[in-house]
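# Descriptive structure summary
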Amino acid sequence: MTLTAELVDLLGTARVLDHPLRRHVYGKDGGVTRGDVELVCLPDTTSEVVEIVRIARRHGLPVIPRGAGTGLAGGAVPLGPAVMIVLTRMDRIEDVDVESKTAWVGPGVINLELSQHTHRHGLHYAPDPSSQSTCTVGGNVATNAGGLHCLAEGTTVAHVLAVEMVTADGEVVTLGGEAPDPIGLDLRAVAVGSEGTLGVVTRVLVRLTENAPASQTLLLAFDDIENAAATVSAIISEGIVPGALEMMDRVTVEAVENYVHAGFPTEAAAVLLAEIVGTSAGVAAEANRVASIARANGAIDVEIASSPAQAALWWKGRKSAFGAVAQAAPDYYLHDTVVPRTKLVEVLRAVYAIGRKYDLLMMNVFHAGDGNLHPLMAYDSAQPGVLDRVHAAAEEIVRASIAAGGALSGEHGIGIEKRDLMGLTFGPVDLDAQARLREAFDPEQVFNPGKVLPEGSRCFDYGRPPVGAEA
Amino acid sequence: MGWVTPEAPKPEELSACIQCGLCLPVCPTFRLTGDEVASPRGRLTAMSAVADGIAEVDDTFHEIMSFCLQCRACEPACPSLVPFGRAMEGARAEIAAQLPSAKTSLRQSLLGRRGLGSGGAVRGITRLAALGQLAEADRWLPGRLKKPIAGLRRLGLRSTSVIGQTHRPKGTPVATVGLLAGCVMDSWFPEVHKATIATLVAAGYAVSVPESQSCCGALAAHDGAVDEAKALAGTALQAFRDVDLVVSDAAGCGAHLKELGHWASGGRDFSSKVRDVTELVAESISVGRLPRLAERGVSVAIQDPCHLRHAQRIVAEPRDLLRAGGYTVLEIDPNGMCCGAAGLYSVLRPETSSELGDRKAAQVMATGARIVASANPGCEMQLRSSLGSGFRVAHPVELYAEAVGLV
Ligand SMILES: Cc1cc2nc3c(=O)[nH]c(=O)nc-3n(C[C@H](O)[C@H](O)[C@H](O)COP(=O)(O)OP(=O)(O)OC[C@H]3O[C@@H](n4cnc5c(N)ncnc54)[C@H](O)[C@@H]3O)c2cc1C
Ligand code: SF4
Ligand code: SF4
């Protein structure tokens, strides 16, 4: 039987997409790279995933897992002929264990909806990427997604207790378990952040976090981005750990205001949003301290959200920043690097200078608290030669961050788009070790071949050619 | 072949989409299927594929586009401000132009070449439907038509049209407003027009219902029937040229009139005069021209018609005026997902429509309320037929007018 016939037998026609236009729609995620998709499958159960993996292998094709396709690194974009497994339909929230604050969920559960679902128990799922209204828990696990509240709460890896995964042999394995600190090698942590290169995540045991009894959001405006950065350092060095601490520069604030109409000060050079969480008395006192630190560091305006609705609107603005900046130009390239907080100002200066050098509109919006920078270049790909400038600028930005002691961040994943920059952070020994780990799970590169690790990562390349390489 | 009409999705409409995916979770067809192709982003990608010459306007393209409910929930979700509804009308216009088979759509075969343009067609259908209700036609009609009939209010056999009427307030009018009678509203929802007129007159407006008006053309526009939509837009411009404000008590019509600039020159100025009735009433209450009652323990579940909430971004006003009527307002759905009525969608794609209708009905039932407020005729019918007996579905202005004793 042909590949399509076998899969249609398994899933029916509605859940196997082979029309060229339908496949084309799946050729891209939230990043900039487009690829060709051979066939798309939409399974409902783990056993269907198992069968799809087996069928794909029998036909010599690799497998690309996909969640909501909000990834920014081309992680869900195939580089060659491959079968795509889309996990959005596997979106069941199984039993929520209120006592132990855990829940088993399908990989297609939408991040925010998990928190909405557990709200009545006073619980939420802490990692909250800006894309949380759309992205899936499976995609979050695969990319070890971070978010606004990861400053205080840590990234996805700190909130996942176990991962059920379909392996290259079509086996179902569970890595980790209900114990918070599993015995032996912690393979759960290997699965988190593996970007779909080790297997297809089909169930996740997440840790739920208690909702804070109270919170306050402050909006701090500065006429100088350096004062904003200094405020960030001062807040942290005073021993205050805000739930979230986020910065947006002027161009970003303007675009965001045009979308949410939340009353952001569009004339400020930089805006900091800080969320203080805790008991109501503690929150009020800490909010006052943050306000006076900001004033001491030259804030031109300090505002405390007058209602939860206003705070929610401010945060909605921050979370839609990437989308809103597209009002400035139709395309964007988004960076994801981490720099030491003390070097924030220095790196920011360098980033703006790189923007000027390559004549690109540079915007900055980032998780200020943990030094996770997201410089963003807006451009119009219809302009000839602009992509070359974008790529050159991108590489310079990464070099500048690494020179300042920073790292290529994993928050958005490495995928295809940051893959060839891995060598800037990792030496041959590191890359070889990562390649071997991957080989232990997936020796034939069935899953997401060509992603994350640059070609030649394996120092002694006696491995077999990846599945599908001969096609 | 690419695009062939001037209405086609424009390059700047398509390139505004940066594929962030933030519109996916609010899209009803994506939520039902989990399929990117059935999402706003997917549909825009498919349109771009045609614009770029990678795909054709063929049956698959038609299928992808016609699955869309045109609910426009994706618009407020989009931080890049993609005008999805406009682009989709463009795609529909292309389908009508390029696919001969799509030209004789069900809309046309049901309602004739002039669509709902002639009130006569609707009046004819209305008499039939009224007779059908007497004969309990919902028992023997084919499935496709069973639901819509079940969703109708009890119809009278005598005409109740308000067309041609004028009403003056006591004293000097605050402004003169022209009421859009609409095609189905006038025949099937006469009580809503009555409440609208009574409330606006009480608020100090002079209300007229111009004789020369016809259907607003929304259904034609959604269906890609460009010539028809343009002709009807021209008629509306003429009919309402002498009033200060144009008011609609059907969200779908109001939304279309507010965007008449796409369909007629001079349409933009016209659109700036258009208001949904809930806007005028809520404003009148807030400045004290209409009374506000104390809460009295009657619960009303509020349903947001897509073309009120997503297309016109009107959320607070219907709630305000219900509260002013002394009702306790119960929310049914934080995202305001489509109830599946979506104009003629309920007849064209009954399965998807019913699935969404059932979801909505379950949300209403979960509130415990026995009264549901909806500001759009299509939604009202969908809710009534999905909820079954034991529930009252009414326009918020009707409920307000009853509460303060205007009707
Ligand atoms: C507007 C916007 C804001 C964003 N903000 C943030 C942010 O603040 N923090 C952050 O970390 N990221 C952010 N991102 C990036 C993105 O949302 C995250 O990487 C997210 O985790 C991707 O989830 P997804 O479901 O969309 O996965 P996809 O994009 O579909 O896939 C991402 C990767 O995961 C793999 N994958 C997906 N599902 C599975 C599975 N079930 N099993 C195995 N592999 C799988 C894919 O192969 C791919 O490599 C943002 C993106 C956008 C568009
Ligand atoms: S939210 Fe807007 S920009 Fe983002 S994918 Fe949807 S339509 Fe495109
Ligand atoms: S109009 Fe409604 S159905 Fe159509 S793409 Fe937008 S959200 Fe989905």
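Every chain is numbered independently, its residues counted from 1 as its sequence is written. In the order they appear in the text, chains get letters beginning with A and ligands get numbers beginning with 1. It should be noted that, the model being predicted, local features are given only for residues of pLDDT at least 70 and side-chain atom pairs only at 80 or more, the latter also being counted only at that level, while totals for whole chains, interfaces and linings use all residues. Only hydrogens and water are set aside; all other atoms, that is, all heavy atoms of the structure, feed into the side-chain values.

### What to know about the domain arrangement of chain B
Residues and elements named next belong to chain B. Rules: Residue ranges for the domains originate in an automatic or database domain assignment. Throughout, a contact is declared for two residues whenever any of their heavy atoms are within 4.5 Å. Summed over both partners, the accessible area (1.4 Å probe) lost when two parts come together is defined as the buried area. Each salt bridge in this description consists of a side-chain nitrogen of Lys or Arg and a carboxyl oxygen of Asp or Glu lying within 4 Å of one another. Two N or O atoms form a polar contact when they lie within 3.5 Å of each other; inside protein one atom must be a possible hydrogen donor and the other a possible acceptor, and for residues adjacent in sequence the pair counts only when both atoms belong to side chains. Counting from the N terminus, the helices are DSSP H or I runs at least four residues long and the strands are E runs at least two residues long. Throughout, the ten residues Ala, Val, Leu, Ile, Met, Phe, Trp, Tyr, Cys and Pro are labelled nonpolar, Asp, Glu, Lys and Arg are labelled charged, and all others, Gly among them, are labelled polar.
Under the domain assignment, chain B is made up of domain 1 (11-102) and domain 2 (292-403). The C-alpha-based centres of domain 1 and domain 2 are spaced at 27 Å. Counting residues at the interface gives 18 residues for domain 1, matched by 15 residues for domain 2. Across the interface of domain 1 and domain 2, roughly 1300 Å² is buried in total on both sides, 64% from carbon and sulfur atoms. Counting across the domain 1 and domain 2 interface gives 1 salt bridge. If you look at where domain 1 meets domain 2, you find 4 residue pairs in polar contact (both at pLDDT 80 or more). Elements with a contribution of two residues or more to the side of domain 1 that touches domain 2: α2 (28-33) and α4 (59-66). Sort the elements by how many residues they give to the side of domain 1 that touches domain 2 and α2 lands first, with 4 residues. Of the residues belonging to the side of domain 1 that touches domain 2, the class tally is 11 nonpolar, 3 polar and 4 charged.

### With respect to unusual backbone geometry
The line we're drawing: Throughout this description, buried means an accessible area under 20% of the type-specific maximum (1.4 Å probe, protein chains only), exposed means over 50%, and partly exposed covers the range between.
One non-glycine residue, H261 of chain A, adopts positive backbone phi at about 50 degrees. Relative to the helices and strands, H261 of chain A is located in the loop between α9 (250-260) and β14 (270-278). Overall, the relative accessible area of 55% leaves H261 of chain A in the exposed class. One non-glycine residue, L81 of chain B, lies in positive phi territory at about 60 degrees. By secondary structure assignment, the location of L81 of chain B is in the loop between α4 and α5 (84-98). Residue L81 of chain B is classed as partly exposed on the basis of its relative accessible area of 40%.

### Here's the deal with the pairing of strand β20 (residues 375-379) of chain A
Residue and element names in this part refer to chain A. Short version of the rule: Two strands make a pair as long as DSSP finds a minimum of two bridges between them.
Buried residues dominate β20, accounting for 5 of its 5 residues. Burial along β20 is two-sided: the residues P375, M377 and Y379 and L376 and A378 are all buried. Two elements, strand β16 (residues 331-334) and β20, share 4 bridges in a ladder whose sense is antiparallel. Counterpart to D331 in the pairing with β20 is Y379. In the sheet, strand β18 (residues 361-367) pairs with β20 via 4 bridges, with the strands oriented antiparallel. Across the sheet, M363 pairs through a bridge with L376, a residue of β20.

### Some remarks on the domain arrangement of chain A
Split into domains, chain A comes out as domain 1 (3-86), domain 2 (93-210), domain 3 (214-322) and domain 4 (329-403). Of note, the centres of domain 1 of chain A and domain 3 of chain A, computed from C-alpha atoms alone, are 42 Å apart.

### Describing the side chain of T202 of chain A
Counting through the fold element by element, T202 of chain A comes out in strand β10 (residues 200-207). A polar atom in the side chain of T202 of chain A sits 2.7 Å from the side chain of E164 of chain A.

### Focus: the pattern of salt bridges
In this structure the tally under the stated criterion is 35 salt bridges over all chains. With its nearest N and O atoms 2.7 Å apart, the salt bridge here joins R41 of chain B to E36 of chain B. Linking E380 of chain B and R384 of chain B is a salt bridge whose minimum nitrogen-to-oxygen distance equals 2.7 Å. Of this pair, E380 of chain B and R384 of chain B both sit in helix α21 (residues 377-387), 4 residues apart, which is roughly one turn of that helix. Comparing E380 of chain B with R384 of chain B shows no difference in burial state: the two are buried. Bridged by salt links that share partners, the residues R15, D44, E48 and R89 of chain A form one connected network.

### Examining the interface of chain A and chain B
Note: interface size is frequently given as the accessible area lost on complex formation between the parts. Listed per partner, the contact involves 36 residues of chain A and 35 residues of chain B. Of the roughly 2600 Å² buried between chain A and chain B, counting both surfaces, carbon and sulfur atoms make up 59%. The largest per-residue losses of area from chain A upon contact with chain B belong to L21, R22 and V25 of chain A, which jointly make up 22% of the total buried on that side. Run the count over chain A and chain B and you get 2 salt bridges. Only α2 (20-25), α9, α11 (308-319) and α12 (321-324) of chain A provide two or more residues apiece to the side of chain A that touches chain B. Among the elements that take part in the side of chain A that touches chain B, α2 of chain A stands out by supplying 4 residues, more than any other.

### Considering the site of ligand 2
The condition that has to hold: Any residue with a non-hydrogen atom lying within 4 Å of a molecule or strand is treated as near it.
Around ligand 2 lies a shell of 13 residues, among which C17, C20, G21, C23 and C78 of chain B are the nearest. The residue inventory of the shell around ligand 2, partitioned by class, reads 9 nonpolar, 3 polar and 1 charged.

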